[in-house]
Amino acid sequence: MIVPVSSPEAIADALDLAVTMPIAEQTRMAERAREHARQFDRACVFDRLLQRLAEVTERELSSI
């Protein structure tokens, strides 16, 4: 769930929705949130950065 942080009403509505939705939906949303958050994990970020560096380096070396 994404809500504007500057809107107390939107935050309250989202909290109300979260605590009243069925457990299965809460679980599904929690899994999706975890999956989304994993892309910001340090290991994932560095893996992508190193992969990109390797691609650029390979491209530059092949043009010499």
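What you see as residue numbers is a count from 1 along each chain, following the sequence as written. The model is predicted, so local features are restricted to residues of pLDDT at least 70 and side-chain atom pairs to those at 80 or more, both for listing and for counting; the totals for chains, interfaces and linings are taken over all residues. Calculation of side-chain values draws on the structure's entire complement of heavy atoms; hydrogens and water are dropped beforehand.

**Quick notes on the overall build of the protein**
Right, on to step 1. Under the DSSP-based scheme used, a helix requires at least four consecutive residues in state H or I and a strand at least two consecutive residues in state E, with every element numbered from the N terminus. From N to C terminus, the protein includes three helices and zero strands.
Right, on to step 2. Beginning at the N terminus, the succession of helices and strands in the protein can be written as α-α-α.
Right, on to step 3. When its C-alpha atoms are laid out on the principal axes, the protein stretches across 60 × 30 × 15 Å.
Right, on to step 4. Each residue is placed in one exposure class: buried if its accessible area under a 1.4 Å probe, protein chains only, is under 20% of its type's maximum, exposed if it is over 50%, and partly exposed if it falls in between. With 64 residues in all, the protein has 6% of them scored as buried.
Right, on to step 5. Accessible surface area values rest on a Shrake-Rupley calculation with a 1.4 Å probe, where residue burial reflects the displayed protein chains alone. Of the roughly 5800 Å² of accessible surface on the protein, 62% is carried by carbon and sulfur atoms.
Right, on to step 6. Neither His nor the chain ends is counted toward charge; the positive residues are Lys and Arg and the negative residues Asp and Glu. Note that the charge is assigned to NZ on lysines, CZ on arginines, CG on aspartates and CD on glutamates. Measuring between centres, the 8 positive side-chain charges of the protein sit 5 Å from its 11 negative side-chain charges.

**Observations concerning helix H3 (residues 42-62)**
Right, on to step 1. Expected helix span is computed as 1.5 Å times (number of residues minus one). A rise of 1.5 Å per residue sets the reference length of H3, with its 21 residues, at 30 Å; its end C-alpha atoms lie 30 Å apart and thus fit the reference within 8%.
Right, on to step 2. Contacts described as polar in this section are N or O atom pairs within 3.5 Å, which, within protein, must combine one atom able to donate a hydrogen with one able to accept it, while residues neighboring in sequence count only if both atoms come from side chains. Sitting at the amino-terminal end of H3 is Asp 41, which places a side-chain oxygen 3.1 Å from the backbone nitrogen of Ala 43.

**Section: the pattern of salt bridges**
Right, on to step 1. What counts as a salt bridge is simple: a side-chain nitrogen of Lys or Arg found within 4 Å of a carboxyl oxygen of Asp or Glu. Using the criterion set out here, one finds two salt bridges in the structure.
Right, on to step 2. Among the salt bridges present, the one from Glu 25 reaches Arg 28, with a minimum N-O distance of 3.9 Å. Here Glu 25 and its partner Arg 28 are both found in helix H2 (residues 23-38), three residues apart, which amounts to about one turn of the helix.
Right, on to step 3. Exposure remark for Glu 25: the relative accessible area of 32% places this residue in the partly exposed category.
Right, on to step 4. Measuring nitrogen to oxygen at the nearest pair gives 3.9 Å for the salt bridge that ties Arg 52 to Glu 55. With Arg 52 and Glu 55 both in helix H3, this residue pair falls three residues apart, about one helical turn.
Right, on to step 5. Residue class for Arg 52 comes out partly exposed when judged on its relative accessible area of 45%.

**With respect to the environment of Thr 57**
Right, on to step 1. One can find Thr 57 in helix H3.
Right, on to step 2. Taking relative accessible area as the criterion, Thr 57 reaches 38% and is therefore assigned partly exposed.
Right, on to step 3. A distance of 2.8 Å separates a polar side-chain atom of Thr 57 from the backbone oxygen of Leu 53.

**Description of the confidence of the model for the protein**
Right, on to step 1. pLDDT measures how confident the predictor is about each residue, on a scale from 0 to 100. Averaged over every residue, the pLDDT of the protein is 93; the share at 70 or more is 100%.
Right, on to step 2. H3 is the least confidently modelled element of the protein, averaging 92 in pLDDT, while helix H1 (residues 8-20) averages 95, the highest of any element.

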